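Secondary and tertiary structure notes
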Amino acid sequence: MTTTQAAHGGALQGIKVLDLSRILGGPLCGQILGDHGADVLKVEPPQGDDTRSWGPPFRDGVASYYLGLNRNKRVQFMDLASGEGQAQVRALMAQADVVVENFKTGTMEKWGIGYEQMQQQFPHLVWCRVTGFGADGPLGSLPGYDAAIQAMAGLMSINGEADRDPLRVGLPVVDMVTGLNAVIGVLLALHERGRSGLGQLVDASLYDAGISLLHPHAANWFMNGKIPGRSGNAHPNIYPYDVVNTGKAPIFLAVGNDRQFRLMCQHLGQEALADDPRFATAGQRSVHRDVLKPLLEQAFAAHDGVQLAEDLMAIGVPAAPVLNVEQALQAPHTAHREMVVKMGDYTGLGAPVKLSRTPASYRFAPLTEGTAFLDAANDH
């Protein structure tokens, strides 16, 4: 674990972000922009972001869920349904480069502070709108939720064991990818603004993010018309790309080509498997996976999984032990990559994008108060 209080400004130094969002996708976008140097002011309703109550666990009445998405921001409470709140937020928009919001379609327009209304007044603004389904179309303006989008986008239909019910991915993958797409969109719009001087609307929807995650299942369906099913931990196209049992802990094999498969077989003293016509090529291994898997597990039965994974990686065969969350967060390489950070009593996940000259920094722990952008009010 590491504590970083870097003095550099970061890649987005000088960019002012007004984060009006709540829950996950929008706040994650704001946190990433803040990690890379943007000055992020978050405005929450008087009762606070809903995720403050999404626990346990709690610290001082605030859920860990909220703390994981709201560092490198300074927070204030504002009632945007009131005339006073609307006047305050307009004043902040006048100074901001970016607005991030995820209100239900029409809500901000009802308050007189929607994108089309503010675009006329502040043409420089990059406006990032995070929604469930977008503003129009058959499902437009409906609220979106991660698990519901996983179901509608086909993700649950391909996740889980073949003989079991469809299964939600065990983390809010749609919300998180939407947040990442929002960041990408904001950066693209800021880059283009450097040429035109004009902002634009960044439209990031959960539905689009969910559909975009369907590779390679969509590509397979486009080509062969077969509806993809669930294959458990196994890859639908290549094998062995699956969890396999060993004499102790299970490991994940990610064998992507014939050379890697032969190296693995040689290491196990099972060269005959690599020579078997059923397994000699990637396509044949995929077709005959139900035969191959028990043969591999029989060969692995004499091995300790963790050591075997290390040995296979050392000879160029992708393999990994199956770790729990605690083991992953405490792994030496996690510390080396600075993927766990501490600020006082706050501990969180580090920024995964590493820049050589302007790396991410961690300047404000969650719940830091602030009412104005820093250069406008010197509000530290």
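Before going into details, it helps to say that this report is about the structure given with it. Within any chain, residue numbers begin from 1 and follow the written order of that chain's sequence. In keeping with the predicted nature of the model, local features appear solely for residues at pLDDT of at least 70, side-chain atom pairs appear and are counted solely at 80 or more, and the whole-chain, interface and lining totals rest on all residues. Excluded from the side-chain calculation are hydrogens and water; included are all heavy atoms of the structure.

The criterion for strand pairing is that DSSP finds at least two bridges linking the strands in question. Working definition: helices are DSSP H or I runs of at least four residues, strands are E runs of at least two. Numbering for both runs from the N terminus. Read across the open sheet, the three strands follow the order β9-β10-β11; overall the sheet is antiparallel. Looking at strand neighbours, the two that pair on one side only are β9 (241-244) and β11 (319-321), the edges of this open sheet. Averaged over all neighbouring strand pairs, the angle between strand axes comes to 20°, with direction disregarded. In the sheet, strand β10 (residues 251-254) pairs with β11 via three bridges, with the strands oriented antiparallel. Paired with Phe252 across the strands is Ala320, a residue of β11. Every axis corresponds to a line fitted to the C-alpha atoms, with the helix fit spanning only the stretch in contact, and the corresponding angles, defined between N-to-C directions, vary from 0 to 180 degrees.

Right, let's talk about helix α13 (residues 289-300) for a bit. Every helix has an expected span of 1.5 Å times one less than the residues it contains. Under the 1.5 Å per step criterion, the end-to-end length of α13 is 16 Å for 12 residues, consistent within 8% with the ideal 16 Å. Those residues of α13 that are buried are in contact with β9, β10, α10 (258-268), α11 (271-275), α12 (282-287) and α14 (305-314). Any two residues whose heavy atoms approach within 4.5 Å at even a single point are treated as in contact.

Moving on: the packing of helix α1 (residues 25-35) against helix α7 (residues 173-196). Two elements in contact, α1 and α7, have axes separated by 8 Å at closest approach and are oriented at 50°. Relative to α7, the element α1 lies oblique. Judged by the sense of rotation from one axis to the other, the crossing of α1 with α7 is right-handed. Of the residues in α7, those in contact with Gly25, Leu28, Cys29, Ile32 and Leu33 of α1 are Asp175, Met176, Gly179, Leu180, Ala182, Val183, Val186 and Leu187. Small angles under 35 degrees read as roughly parallel and large ones over 145 as roughly antiparallel, with 65 to 115 read as roughly perpendicular and the rest as oblique. The handedness criterion is simple: a crossing whose near helix is rotated anticlockwise from the far helix by less than a right angle is left-handed, and one whose near helix is rotated clockwise is right-handed.

Turning next to the side chain of Thr131. The topology assignment puts Thr131 in strand β7 (residues 126-131). In protein, a polar contact means a hydrogen-donor-capable atom and an acceptor-capable atom, both N or O and within 3.5 Å, with residues adjacent in sequence counting only if both atoms are side-chain atoms; elsewhere, any N or O pair within 3.5 Å suffices. Only 2.8 Å separates the side chain of Thr131 from the backbone nitrogen of Gly134, close enough to count as a polar contact. Dropping the residues within four chain positions of it, Thr131 is found in contact with Asp203, Ala204, Ser205 and Leu206.

To define a nonpolar core, start from buried Ala, Val, Leu, Ile, Met, Phe, Trp, Tyr and Cys residues and group those joined through side-chain atoms within 4.5 Å. Residue exposure (1.4 Å probe, protein chains only): buried if accessible area is under 20% of the type maximum, exposed if over 50%, otherwise partly exposed. Ile15, Val17, Leu33, Ala38, Val98 and Cys128 are the most contacted members of the largest nonpolar core, which totals 30 residues. Here this core gets eight residues from one element, more than from any other, and that element is α7. Apart from the residues lying within four places of it in its own chain, the contact partners of Val17 are Leu33, Ala38, Asp39, Val40, Leu41, Val98, Val100 and Phe373. Of all hydrophobic cores here, the second largest spans 22 residues; its members include Ala234, Leu253, Cys265 and Ala309.

A word on α1. By the criterion of burial, α1 is predominantly enclosed, with 10 of the 11 residues buried. For α1, the complete set of buried residues consists of Gly25, Gly26, Pro27, Leu28, Cys29, Gly30, Gln31, Leu33, Gly34 and Asp35. Buried residues in α1 make contact with β1 (16-19), β2 (39-44), β6 (98-101), β7 and α7. Directly beyond the C-terminal end of α1, a positive phi value near 105° is found at Gly37.

Attention now moves to the packing of aromatic side chains. Both the distance between ring centres and the angle between the ring planes are used here to describe each pair of aromatic rings. Here a Phe, Tyr or Trp ring, Trp counted by its six-membered ring, pairs with any other such ring whose centre lies within 6.5 Å, and the pair is stacked when the planes are under 30 degrees apart, edge-to-face when over 60, and tilted otherwise. Per the stated rule, a full pass over the model turns up six aromatic pairs. Aromatic pair Trp54 and Tyr65: ring centres 5.0 Å apart, planes at 70°, arrangement edge-to-face. Placement of Trp54 in the loop between β2 and β3 (58-59) and of Tyr65 in helix α2 (residues 64-67) is noted, with a sequence separation of 11 residues between them. The ring of Phe103 carries Arg22 above its face, with NZ or CZ at 4.6 Å from the centroid. Just above the ring of Tyr66 sits the side chain of Arg52; from NZ or CZ to the centre is 4.6 Å. Only Lys NZ and Arg CZ are tested; either one counts as a charge over a ring when it is within 6 Å of the ring centre and within 35 degrees of the ring normal.

With parallel pairing, the six strands of this open sheet are ordered in space as β5-β2-β1-β6-β7-β8. Each edge of the open sheet carries a strand with a single partner, namely β5 (74-77) and β8 (201-205). The mean inter-strand angle of the sheet, taken between neighbouring strand axes irrespective of direction, is 20°. Sheet topology places β1 next to β2; four bridges connect them, and they run parallel. Its bridge partner lying in β2, Leu18 is registered against Leu41. Lying over the sheet, helix α3 (residues 83-95) contacts β1, β2, β5, β6 and β7, oriented at roughly 150° with respect to β1.

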